[in-house]
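Coordinates in review
As a plain string of letters, each chain reads:
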Amino acid sequence: MKVVLAIVLLFSVLAQSYSCRVCPVFWTQFQGHCYRYFGNPRLDFDKAQDYCQNYAIPTGADDCFSECSWSKVANLVTIESQAENNFTRDMFISLRHPGKEGQQVRIGLTDKAEEGKWVWASGSVLVEERYKYWSDRQPDNKEGNQDCAVIWQEHEGEWDDQDCASTRPFICEF
Ligand SMILES: [Ca+2]
Ligand SMILES: [Ca+2]
């Protein structure tokens, strides 16, 4: 009986969280997730991921927050479809500072733990059958030092592997 009760409770909690469709202010909703662009400060991969994870998601700000208890932390964006890539690219283009430095935005994809094994900051491995959008001849691990992916605005939002230490704008998602 206790098990049944626990399962019912679990599903009611899940149903409640999935029914919540509102993102906190300054976060933009897309297909049930919330996204935010950060252009200042520009950060390297590790600092950008820390920034996403430490970003306080406000709770109790309105009815939705108090009911839904946003306990998730954000990660650097995980992109799983062409629609999500287009959304991410468009968010970058609409919010970036004009100028040559602003042509790439950091996403959560890295192979720094094991060369050639691309993993999203949210934890999922980019296996062969999953969505990917590498530009021609990328990833090339140029000079043996390219382990973190960016979206290339000037190549229709295609991905390039670049060095992880460069400071860039980035997008967080939860
Ligand atoms: Ca690499
Ligand atoms: Ca590259």
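Residues numbered from 1 in each chain as written. Chains lettered and ligands numbered in written order. Predicted model: local features only at pLDDT ≥ 70, side-chain atom pairs only at ≥ 80, totals over all residues. Heavy atoms only, no water.

**Some thoughts on the coordination of the calcium ion (ligand 2)**
Looking at the metal site, the calcium ion (ligand 2) is ligated by Q138 (OE1), D140 (OD), Q146 (OE1), D160 (OD), D161 (O) and D161 (OD), spaced 2.2 to 2.4 Å from it. With six donor atoms in place around the calcium ion (ligand 2) and angles of 68 to 146° between them, the coordination shape is irregular. Sequence spacing of the donors to the calcium ion (ligand 2): Q-x1-D-x5-Q-x13-D-D. In this pair, Q138 sits in the loop between β5 (119–120) and β6 (148–152) while D161 sits in strand β7 (residues 158–162), placing the two residues 23 residues apart along the sequence. For the pair shown, Q138 and D161 are each scored as buried. (Donors = N, O, S within 2.8 Å, 3.2 Å for Na, K, Ca; no water. Tetrahedral: all angles 85-135°; square planar, octahedral: opposite > 155°, others 65-115°. Helix = DSSP H or I, 4+ residues; strand = E, 2+ residues; numbered from the N terminus. Buried < 20%, exposed > 50% of the residue type's maximum accessible area, 1.4 Å probe, protein only.)

**Here's the deal with the confidence of the model for the protein**
Caution is warranted with low-pLDDT regions, since their predicted coordinates should not be read in detail. The predicted model of the protein averages 84 in pLDDT, with 76% of residues at 70 or higher. Per-residue pLDDT, averaged within each element of the protein, yields its smallest value for helix α1 (residues 2–19) (49) and its largest for β5 (98). For the stretch residues 11–19, pLDDT sits under 50, and the model shows two contacts to residues farther than four places along the chain or on other chains. (pLDDT = per-residue confidence, 0-100. Contact = heavy atoms within 4.5 Å.)

**Observations regarding the coordination of the calcium ion (ligand 1)**
Around the calcium ion (ligand 1), the protein supplies D111 (OD), D111 (OD), E115 (OE), E115 (OE), N141 (OD1), Q146 (O) and D147 (OD) as donor atoms, at distances of 2.4 to 2.8 Å. Spacing between the donor residues of the calcium ion (ligand 1) along their common chain follows D-x3-E-x25-N-x4-Q-D. With E115 in the loop between β4 (104–110) and β5 and D147 in the loop between β5 and β6, the pair connects residues that are 32 residues apart, well separated along the chain. By relative accessible area, which is 47% here, E115 ends up partly exposed. You can call D147 buried: its relative accessible area is 15%.

**What to know about the pairing of β4**
Most of β4 is tucked away, with seven of its seven residues classed as buried. Residues Q104, R106, G108 and T110 of β4 are buried on one face, and the alternating residues V105, I107 and L109, pointing to the opposite face, are buried as well. Alignment of β4 against β6, held across four bridges, turns out to be antiparallel. The partner of V105 across the bridge, within β6, is I151. (Pairing = 2+ DSSP bridges.)

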